[in-house]
Amino acid sequence: MTTIYLAGPEVFLPDALPIMAEKRRLARQFGFEPTGPGSDENQTPIKLTAAEIYARNDVAMRRAEICLANITPFRGVSADPGTVYEIGFMIALGKSVFAYTNHPDDYGLRVRSIWYAGMEIDETSGRPRGPDGIAIENHGMADNLMIDGGIDAAGGKVFRATALPADPARDLTVYFQALQTIAGMRG
């Protein structure tokens with residue numbers, strides 16, 4: 001059975017246990033053996049240290065053959081930084097990496113509409129800049145170009161929602177589609 005590392009910020013949600021259980025159930029439905037953050041640390045009665053959690057995740061990433069990462073914006077306009085680390089680490093290990101996002105808007109559009117929230121954007125130089133003078137990445141990608149670009153260069157794919165679901169932090173529609181596609185590629 002192919003081991004799939006499920007990266008994402010769901011472990012921080014107050015209802016992490018049922019969400020992670022459903023993600024693991026769906027992964028198994030498509031013939032994968034799931035591993036990754038939240039696989040067991042929320043179920044143990046012993047509070048783990050940061051070093052212990054890191055070590056468990058490191059072992060799980062090295063053992064897994066595939067990574068499927070949730071890059072839905074978390075605490076801002078971009079993906080969870082821990083998830084981004086896991087994506088880069090898995091790519092560096094030569095693993096197959098895929099990602100999904102429940103936010104349909106390009107990263108640049110989110111920066112404009114959420115970060116700068118209606119402030120004046122300077123378009124005169126041909127490179128959009130916020131009122132603070134900082135350039136706005138405008139490549140039509142789901143997130144920062146290094147995330148999408150790295151996944152693409154490694155032969156993976158970023159799956160995107162076509163519309164923002166009612167509960168982007170918990171919706172598993174695009175996750176399901178990603179699993180289905182990845183399973184079909186391996187099949």
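Right above here is the structure, for reference.
Quick caveat: nothing in here was measured; it's all calculated off a predicted structure.

### Some thoughts on the environment of Leu172
Then, number 1: In this structure, Leu172 sits in the loop between β5 (158-160) and α6 (173-186).
Then, number 2: Ignoring sequence-local partners within four residues, the contact set of Leu172 consists of Glu22, Lys23 and Leu26.

### Overview of the pairing of strand β3 (residues 66-70)
Then, number 1: Most of β3 sits out of view: five of its five residues are buried.
Then, number 2: The alternating pattern of β3 places Ile66, Leu68 and Asn70 on one face and Cys67 and Ala69 on the opposite face, and all of these are buried.
Then, number 3: Examined bridge by bridge, strand β1 (residues 2-7) and β3 share four bridges and lie parallel to one another. Its bridge partner lying in β3, Leu6 is registered against Leu68.
Then, number 4: Sheet analysis places β3 next to strand β4 (residues 96-101), joined by five bridges and oriented parallel. Bridge pairing in β4 places Ala69 opposite Ala99.

### Observations regarding the sheet that holds β4
Then, number 1: Spatially, the five strands line up as an open sheet ordered β2-β1-β3-β4-β5, and their pairing is parallel. For this open sheet the edge positions go to β2 (32-35) and β5, each flanked by a neighbour on one side alone. When strand polarity is set aside, the average angle formed by the axes of neighbouring strands in this sheet is 25°.
Then, number 2: Relative to β2, β1 runs parallel, the two being bridged by four bridges. Bridge pairing in β2 places Ile4 opposite Pro34.
Then, number 3: Along the sheet, α6 makes contact with β1, β2, β3, β4 and β5, crossing β3 at roughly 160°.

Conventions we followed
- Residues numbered from 1 in each chain as written.
- Predicted model: local features only at pLDDT ≥ 70, side-chain atom pairs only at ≥ 80, totals over all residues.
- Heavy atoms only, no water.
- Helix = DSSP H or I, 4+ residues; strand = E, 2+ residues; numbered from the N terminus.
- Contact = heavy atoms within 4.5 Å.
- Buried < 20%, exposed > 50% of the residue type's maximum accessible area, 1.4 Å probe, protein only.
- Pairing = 2+ DSSP bridges.
- Axes fitted to C-alpha atoms, helices over the stretch in contact; angles between N-to-C directions.

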